[in-house]
Amino acid sequence: MIERDYIMRILQDFFNAIAKMMRLNLDDPDTSRVQERFNDMYKQFFRRSAEHFYEMEKEIILDSLEQEGRNERDTQARVQMLSELLYQDGLIKKNIPEKCMILEKSLYLFEYLDRSSRTFSWERNRKINDIKKILTEFEY
């Protein structure tokens, strides 16, 4: 019970930070500040730089999250957090190949959650469809 509460608290803190970042992004068209904060979030929640995840293959990212997770719930929480962080990070990128590469990794993690989660998520499915649309639009 304590572990579940701890995971829920981390998830809530994470999604509050993401929401704050997106409000900042709406107020400031210069994405450099937002990118700096995203970089801080990678380090804070995953103890690795954004570049670490940019350089890793999507399958290796998932494998490492599974190995680092203490149990299935912890792994799914970490995958959920990273998929969302990559998604939001990819959306602000101006460089199209970089944007598509990051969104593809996010899509892979969202699809993993969709297959392995016991709960249906409209929001997750919307993001999956949004990413597919963006990738198709840029012919990636």
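Residues numbered from 1 in each chain as written. Predicted model: local features only at pLDDT ≥ 70, side-chain atom pairs only at ≥ 80, totals over all residues. Heavy atoms only, no water.

## Describing the packing of aromatic side chains
All told, the structure shown has five aromatic pairs when counted by the stated rule. Three or more aromatic residues joined by ring pairs form one cluster here, namely Tyr42, Phe46, Phe53 and Tyr54. (Phe/Tyr/Trp six-rings, centres within 6.5 Å; stacked < 30°, edge-to-face > 60°.)

## What to know about helix α2 (residues 31–46)
Relative to the 22 Å expected for 16 residues at 1.5 Å per residue, α2 spans 22 Å between its end C-alpha atoms, a close match to the ideal helical length. Where α2 is concerned, the buried positions are Thr31, Val34, Gln35, Phe38, Met41, Tyr42, Phe45 and Phe46. Taken end-on, α2 shows its buried residues confined to a sector of 110°, consistent with a single buried face. Among the exposed residues of α2, those oriented more than 90 degrees off its buried face are Glu36 and Gln44. Following α2 by one or two positions, Arg47 adopts a phi angle in the positive range, close to 55°. (Helix = DSSP H or I, 4+ residues; strand = E, 2+ residues; numbered from the N terminus. Expected span 1.5 Å × (residues − 1). Buried < 20%, exposed > 50% of the residue type's maximum accessible area, 1.4 Å probe, protein only. Arc of directions from axis to C-beta.)

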